[in-house]
Amino acid sequence: MERTFKTNAKCAGCVAKIGEKLNHTPEITEWSIDLTNPNRTLLINSSLTDNEIITLVSEAGFKAEKLA
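Summary of the structure given here. (Residues numbered from 1 in each chain as written. Predicted model: local features only at pLDDT ≥ 70, side-chain atom pairs only at ≥ 80, totals over all residues. Heavy atoms only, no water.)

### Some thoughts on the overall build of the protein
- Counting secondary structure elements, the protein contains two helices and four strands.
- Against the globule reference of 11 Å for 68 residues, the protein gives a C-alpha radius of gyration of 10 Å, in line with a compact fold.
- Taken along its principal axes, the extent of the C-alpha atoms in the protein is 25 × 25 × 15 Å.
- For the protein, the residues scored as buried account for 35% of the 68 residues in total.
- Of the roughly 4,100 Å² of accessible surface on the protein, 51% is carried by carbon and sulfur atoms.
- Side-chain charges in the protein split into 8 positive and 9 negative, and the spacing between the mean points of these groups amounts to 9 Å. (Helix = DSSP H or I, 4+ residues; strand = E, 2+ residues; numbered from the N terminus. Rg over C-alpha atoms; globule rule 2.2 N^0.38 Å. Buried < 20%, exposed > 50% of the residue type's maximum accessible area, 1.4 Å probe, protein only. Areas by Shrake-Rupley, 256 points an atom, 1.4 Å probe, with all protein chains shown as cover. Lys, Arg positive; Asp, Glu negative; His and termini not counted. Charge placed at Lys NZ, Arg CZ, Asp CG, Glu CD.)

And the structure:
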């Protein structure tokens with residue numbers, strides 16, 4: 001299921017740190033972060049719940065907020 005989250009990632013290094021968490025989670029099939037978007041949008045395909053995704057991003061040291 002594809003979902004969108006607002007993040008506070010600011011640079012490629014931030015994306016890499018988040019990626020360290022997301023890339024090692026089998027339930028996530030695909031993800032990307034658009035740093036050109038003011039919301040720094042995380043687009044993710046996963047069977048995880050929204051809260052589980054937010055927790056993973058938080059564990060990487062960043063914030064995520066579900067977008068409609």
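### Regarding the sheet that holds strand 2 (residues 28-34)
- Taken in spatial order, the four strands make up an open sheet running 2-3-1-4, and their pairing is antiparallel. In this open sheet, the two edge strands, each paired with only one partner strand, are strand 2 and strand 4 (64-66). Here the strands of the sheet are splayed against their neighbours by 30 degrees on average, with no regard to which way each runs.
- For strand 1 (residues 2-7) and strand 3 (residues 41-46), the ladder comprises five bridges, and the chain directions are antiparallel. If you follow Arg-3 over to strand 3, its bridge partner there is Ile-44. (Pairing = 2+ DSSP bridges. Axes fitted to C-alpha atoms, helices over the stretch in contact; angles between N-to-C directions.)

### Things to note about the state of the cysteines
- In the structure shown here, the tally under the stated rule is zero disulfides.
- Among the cysteines around Cys-11, which has no disulfide bond, Cys-14 carries the closest sulfur, lying 3.5 Å off.
- Assessed through its relative accessible area of 36%, Cys-11 is described here as partly exposed.
- Judged by relative accessible area, Cys-14 falls into the buried class, the value being 13%. (Disulfide = S-S within 2.5 Å.)

### Regarding unusual backbone geometry
- We note that Arg-40 has phi near 50 degrees; this positive angle belongs to a residue other than glycine.
- In this fold, Arg-40 is placed in the loop between strand 2 and strand 3.
- Take Arg-40: its relative accessible area is 25%, and that puts it in the partly exposed class.

Taken by themselves, the reported measurements are silent on function.
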